[in-house]
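If you want the building blocks of each chain, they are given just below.
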Amino acid sequence: MHGGDLYGASLQSSFAQEELLDFSANINPLGMPKGVREAVIKGLSRSLHYPDPFCRKLCKALGEKEGVSADAVLCGNGGADLIYRLVYALKPRKALVTAPAFGEYEEALGQTEAEICYYRLPASMEIGEGILEAVTEDVDLVFLCNPNNPTGILTDRKLLIKLLKRAEAGKTWVCVDECFLDFVREKEAFTLTGYLAEYPKLVILKSFTKLYAMPGLRLGYVLSGSRKLLERMRRAGQPWAVSEPAMEAGLAALEEQNFREQTLALVEGEREQLEAKLKGFGFQVWPGKADYLCFRALGEPDLHKKLLERGIVIRHCANYQGLTEEDYRVAVRTHEENMRLLEAVEAVLG
């Protein structure tokens, strides 16, 4: 179960899909940039032919943006596709995942029958030094999300480098999911892109989905210093992982100049207000730094159902390891939309 299933939500409510206000998927409230929309149309005209299975132009552009060579980049059908490709390529016997974390890590590992161990986060939801001891010699793969999904909590790069050193000594692969790092203003202080050469067993996962509001197009990529691994990942799925419209959208997105800054200006202010209001309802809100907030509404295990009756969809987090029936995640949207959410919550609470 993921956020963004508006079709399923409409079946459970009296609202049509287009009438629902979606806070369950963490998509840029500014929507898709105009240039990206135009590029999608351009890609449609080229869809008469098979797309480039190697995404050569896009990998070259991404390499230039990330400061790596084009052959250190592999594109896929969204971030989730690449998670599965990584697991299929490595076939780990034992893997370590934080709890809570994005559910597709566990789903992919389960498909290869890997033993899954959990590093359970404390009440603060911050990853601490204890994770280092959890990376034992028999752990083949570690999944870690920064900022974490669903909490939005950031992990300091110094700790991640300690983890990489420990993993390297034990021949453990580490996948750091940075899909939401674009929403962090100081992302250069947290990204591990500059450490790919130093740590050949590091894999960084990134996505166009969230920042450029294009989840339906499916476009993500990984960075790795191991060309052998990337080739194994490429062979772990069908040849044409990325469509022409998605590739053109990605190339156009990389040309956007001020879109991220405009996004940050909106999200930072709205997130601060949304957090304060949710706390005002008596909820425990974790201080996330992405475009969403995770909170615990004690005594309200059906809050998502009550809001759906009012045409608002939020993410119930009960199926996350380490969270409860009273935990929820909401996206940060426009001011008017955030006010609609808060008014609905206030009405539900009476």
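Since the model is a prediction, treat every value here as computed from it, not as a measurement. (Residues numbered from 1 in each chain as written. Predicted model: local features only at pLDDT ≥ 70, side-chain atom pairs only at ≥ 80, totals over all residues. Heavy atoms only, no water.)

Undergrad: Honestly, the overall build of the protein in this entry has me stumped. Any pointers?
TA: Secondary structure summary: the protein contains 12 helices and 13 strands in total. Whereas a compact globule of 350 residues would reach a radius of gyration of roughly 20 Å, the protein reaches 20 Å, a difference of no more than 12%. In the protein, buried positions account for 56% of the 350 residues. Nonlocal contacts in the protein, meaning residues at least 24 apart in sequence, comprise 73% of its contacts between residues at least 6 apart. Total accessible area on the protein stands at roughly 15,600 Å², and carbon and sulfur atoms take up 50% of it. Charge separation in the protein, taken as the distance between the mean sites of 43 positive and 50 negative side-chain charges, equals 5 Å. (Helix = DSSP H or I, 4+ residues; strand = E, 2+ residues; numbered from the N terminus. Rg over C-alpha atoms; globule rule 2.2 N^0.38 Å. Buried < 20%, exposed > 50% of the residue type's maximum accessible area, 1.4 Å probe, protein only. Contact = heavy atoms within 4.5 Å. Areas by Shrake-Rupley, 256 points an atom, 1.4 Å probe, with all protein chains shown as cover. Lys, Arg positive; Asp, Glu negative; His and termini not counted. Charge placed at Lys NZ, Arg CZ, Asp CG, Glu CD.)

Undergrad: How should I be thinking about the pairing of strand S5 (residues 141-145) in this particular structure?
TA: A regular strand carries its side chains on alternate faces of the sheet. For S5, a buried count of five out of five residues is recorded, marking the element as mostly surrounded by other parts of the structure. Taking every second residue as pointing to the same face, both faces of S5 are buried, with Leu141, Phe143 and Cys145 on one and Val142 and Leu144 on the other. Of the strand pairs in this sheet, strand S3 (residues 94-99) and S5 are connected by three bridges, and their pairing is parallel. Residue pairing in the sheet places Val97 in a bridge with Phe143 of S5. Summarising the sheet, S5 and strand S6 (residues 173-177) pair through five bridges and their orientation is parallel. Paired with Leu141 across the strands is Trp173, a residue of S6. With helix H7 (residues 157-169) bridging S5 and the parallel S6, this β-α-β connection has right-handed handedness. (Pairing = 2+ DSSP bridges. Right-handed = clockwise from strand over helix to strand, strands pointing away.)

Undergrad: I keep staring at the side chain of His304 and nothing clicks. Help me out?
TA: Within the secondary structure layout, His304 lies in helix H11 (residues 303-308). Here the side chain of His304 touches His316 through a polar contact of 3.4 Å, side chain to side chain. Apart from residues no more than four positions distant in its own chain, His304 is found in contact with Ile314, His316 and Tyr328. (Polar contact = N/O pair within 3.5 Å; in protein donor to acceptor, adjacent residues only side chain to side chain.)

Undergrad: I'm lost on the sheet that holds strand S13 (residues 327-331) in this one. Help?
TA: Sheets are built from strands that pair by backbone hydrogen bonding, the pairs being arranged parallel or antiparallel. In spatial order, the strands read S9-S10-S13-S12; together these four strands make up an open sheet with antiparallel pairing. The open sheet has two edge strands with one neighbour each: strand S9 (284-285) and strand S12 (315-316). Pairing analysis gives two bridges linking S9 to strand S10 (residues 292-296), with the strands arranged antiparallel. When the bridges of S10 are listed, Val285 appears paired with Phe295. Strands S9, S10 and S13 of the sheet are contacted by helix H10 (residues 259-280), whose axis makes an angle of about 10 degrees with S10. (Axes fitted to C-alpha atoms, helices over the stretch in contact; angles between N-to-C directions.)

Undergrad: Explain the packing of helix H3 (residues 56-66) against helix H9 (residues 244-255) here, please?
TA: For any two helices packed against each other, the geometry is given by the interaxial angle and the distance between the axes. H9 packs onto H3 with a crossing angle of 25 degrees between their chain directions and a minimal axis gap of 10 Å. Looking at the two axes, H3 sits roughly parallel to H9. In this structure, H3 crosses over H9, and the sense of that crossing is left-handed. Mapping the contact onto sequence places Lys57, Leu58, Ala61, Leu62 and Lys65 in H3 and Met247, Gly250, Leu251 and Leu254 in H9. Looking at the contact of H3 with H9, its residues break down into six nonpolar, one polar and two charged. (Parallel < 35°, antiparallel > 145°, perpendicular 65-115°, else oblique. Left-handed = near helix turned anticlockwise from the far one by under 90°. Nonpolar A, V, L, I, M, F, W, Y, C, P; charged D, E, K, R; others polar.)

Undergrad: Explain the pattern of salt bridges to me, please; I cannot follow it from the model alone.
TA: Applying the stated criterion across every chain, the model contains 22 salt bridges. Glu64 is the salt-bridge partner of Lys60, the closest N and O atoms lying 2.8 Å from each other. With Lys60 and Glu64 both in helix H3 and four residues apart, the pair spans about one turn of that helix. By relative accessible area, Glu64 is classed as exposed at 58%. Residue Glu275 is joined to Lys279 by a salt bridge in which the shortest nitrogen-to-oxygen separation is 3.2 Å. (Salt bridge = Lys/Arg side-chain N within 4 Å of Asp/Glu carboxyl O.)

Undergrad: When you look at the sheet that holds strand S7 (residues 202-207) in this model, what are you seeing that I'm missing?
TA: One open sheet accounts for seven strands, arranged S2-S8-S7-S6-S5-S3-S4; its pairing is mixed. Either end of the sheet is taken by a strand with one partner, and the two such strands are strand S2 (73-76) and strand S4 (115-120). Taking the axes of each pair of neighbouring strands and ignoring which way they run, one obtains an average angle of 20 degrees across the sheet. Packing of H7 onto the sheet brings it into contact with S5, S6 and S7, and relative to S6 it is tilted by some 155 degrees.

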